[in-house]
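# Coordinate analysis (summary)
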Amino acid sequence: MAQFQEIMRQQLESSMDDELEKLLDATAEADREVCKKDIEGFKNLFHRFLQVKGPSVEWIKIKRPPEDSIQPYDRIAAPGLPDNVAHSLNKLVVVKLNGGLGTSMGCKGPKSLISVRNENTFLDLTVQQIEHLNKTYNTDVPLVLMNSFNTDEDTKKILQKYTHHRVKIHTFNQSRYPRIHKESLLPVATSLRTSGQNADGWYPPGHGDIYASFYNSGLLDKLIAQGKEYIFVSNIDNLGATVDLHILHHLVSQPNGKRCEFVMEVTDKTRADVKGGTLIQYEGKLRLLEIAQVPKTHVDEFKSVSKFKIFNTNNLWISLPAIKRLQEQNAMDMEIIVNPKTLDGGLNVIQLETAVGAAIKCFDNALGINVPRSRFLPVKTTSDLLLVMSNLYSLEAGSLTMSPKREFPTTPHVKLGSSFTKVQEYVTRFESIPDMLELDHLTVSGDVTFGKNVLLKGTVIIIANHGDRIDIPAGSMLENKIVSGNLRILDH
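This report concerns the structure included in the present document. What you are looking at is a predicted structure, and each value in this text was computed from that prediction instead of being measured.

Definitions and limits used
- In this numbering scheme, every chain counts its residues from 1 along its sequence in written order.
- Only residues with pLDDT of 70 or above have their local features reported here, since the model is predicted, and side-chain atom pairs are shown and tallied only from 80 upward, although totals for entire chains, interfaces and linings are computed over all residues.
- Note that the side-chain values use all heavy atoms of the structure and ignore hydrogens as well as water.
- Two strands form a pair only when DSSP identifies at least two bridges running between them.
- Helix and strand labels come from DSSP, where a helix needs a run of H or I of at least four residues and a strand needs a run of E of at least two; each type is numbered from the N terminus.
- Classification of residues uses two cut-offs on accessible area relative to the type maximum, computed with a 1.4 Å probe and protein chains only: under 20% is buried, over 50% is exposed, and between them is partly exposed.
- Crossover handedness is defined by viewing with both strands directed away from the observer: a clockwise path from the first strand over the helix to the second marks the crossover as right-handed.
- Aromatic pairing here means that ring centres of Phe, Tyr or Trp (its six-membered ring) are within 6.5 Å. Orientation follows from the plane angle: under 30 degrees is stacked, over 60 is edge-to-face, and everything else is tilted.
- Detection works on a 1 Å grid of protein atoms alone, calling trapped sets that fit a 1.4 Å probe cavities and calling open sets with protein on both sides within 12 Å along at least five of seven lines pockets, with lining residues defined by an atom within 4 Å of a point.
- Grid points are joined across faces, edges and corners, and a volume is the space filled by probe spheres set on the points.
- Three categories are distinguished: nonpolar for Ala, Val, Leu, Ile, Met, Phe, Trp, Tyr, Cys and Pro, charged for Asp, Glu, Lys and Arg, and polar for the others, with Gly belonging to the last.

Another point: the pairing of strand 18 (residues 393-396). Summarising the sheet, strand 18 and strand 19 (residues 399-402) pair through four bridges and their orientation is antiparallel. Within strand 19, the position partnered with Ser394 by the bridge is Thr401. Linking strand 18 back to strand 19 in an antiparallel pair, the connection comprises two residues, with Ala397 at a positive phi of about 50°.

Okay, structure coming up:
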């Protein structure tokens, strides 16, 4: 049986290699070098995928991380900041993961170009934050964007508007890998083009690709030559992921032999975060455990807030020389995430991906830091967008902070129905964003619109049944109310 499986595996590898060679042969000479690196990276991933047998973790071997491996943020911040903050900042590079499109919110183009606050986009806010740092401390912290082939062109056009800002901006592209048929395990694409018939044939392989593509771009070496030592990596749609000077100081103040090469910011789980990846001790190493790696019989245990108390925010601080070392030793080992997709035509495909945080086990002296929830403020849906556009947050120098007028440190739970999913439609349903300072919970379903200066308090549930419409009048105050049925306010 084992011999038969080995023969099958070799045949699949050989067939895949043949198909990839055909794709390369059909490529223009000028593009071939870049494509070659991508194809080589994909081959390695595909070969590993065929060799993996069974789950990547044995549940019985999972242990809680040792006490000192996840430090509370207060302990990291306790020593305070030195006089020469600029010395630490000049060793830092901010990297934003900018490969995603705004399709889940009904937008075309890069998600980073969606307006989230006072006409400012995610990218605008990021540039404002770093420019504020550079001006305040007279430093030179650059911004690096990891684009995908989906976002690169549009992002580069927009970057021209920041020419006179005090931020050097660099970009590099993550790899482009072929989607593969679920049944035949062969590429869907017939050429290396990403347009026309081939638009669905290619995908960016997850943010774990950052290490190889950053290294291959030459930008990693360039930044090390400039004296940069750490990157702070985060998703561009996480508005809480600002440069934290205490974490940075902790990193650069360690003696050289004990330098921490990787910090993962984690935060306490709530019921909304039960699927988030968590840190475990596994075979003597700190390791990220994702829900996809958990055997089905243990999923409920994984989701338990009492056993796994923290989750990964994907705010990471990583040593540049360590990335270089691990890439050159071919020692970057990340679990493969198999992501099944169904294309528009109904074809079932799989994407092989990796996650940036999964490499934590490869780095020396890795550390988790349990940060305040405010450092995790992702905008994945229009429900999230409503929160960050509201008076719950004030905006200063590109950073959002919870309003001091809010009595509770937690954010309200907001659930907007399908009529609000797309940004364009969401915008038309609010004449102005409601006052949400005293809101705990908001559920809206069906055809609902909000007039100007609406005030929401406590728990508010608004449900317009199918065929009905509810217009919340201008100046309304809803406190602990359920509104349902039909309510039309006609202009006189």
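Attention shifts here to the pairing of strand 6 (residues 169-173). Remember that side chains alternate between the two faces of the sheet whenever the strand is regular. Side-chain alternation along strand 6 places His170 and Phe172 on a buried face and Ile169, Thr171 and Asn173 on a face that remains uncovered. With five bridges joining them, strand 5 (residues 143-147) and strand 6 adopt parallel strand pairing. Following the sheet pairing, Val144 is matched in strand 6 by His170. For the handedness criterion, the β-α-β arrangement of strand 5, helix 6 (residues 152-159) and strand 6 is classed as right-handed.

The next thing to look at is the packing of aromatic side chains. The full count for this structure, using the stated rule, is 14 aromatic pairs. With centroids separated by 6.1 Å and ring planes inclined at 40°, the aromatic side chains of Phe46 and Phe49 adopt a geometry described as tilted. In this pair, Phe46 and Phe49 are both assigned in helix 2 (residues 29-51), three residues apart and thus about one turn of the helix distant. The residues Phe46 and Phe49 share a single accessibility class, namely buried. Ring centres of Tyr211 and Phe363 lie 6.1 Å apart, and the angle between their planes is 45°; on these two criteria the pair is classed as tilted.

Further remarks concern empty space enclosed by the protein. For the structure on display, the rule yields one cavity of 30 Å³ or more. As a volume, the largest cavity reaches approximately 40 Å³. Residue lining of the largest cavity: Lys96, Thr126, Gln129, Ile236, Asn238, Leu239 and Ala241, and that is the complete set. When its residues are assigned to classes, the lining of the largest cavity shows three nonpolar, three polar and one charged.

Following the sequence through the fold, Pro205 ends up in the loop between strand 9 (202-203) and helix 7 (210-217). By relative accessible area, Pro205 is classed as buried at 2%.

Treat this as a map of the structure, not an account of what it does.
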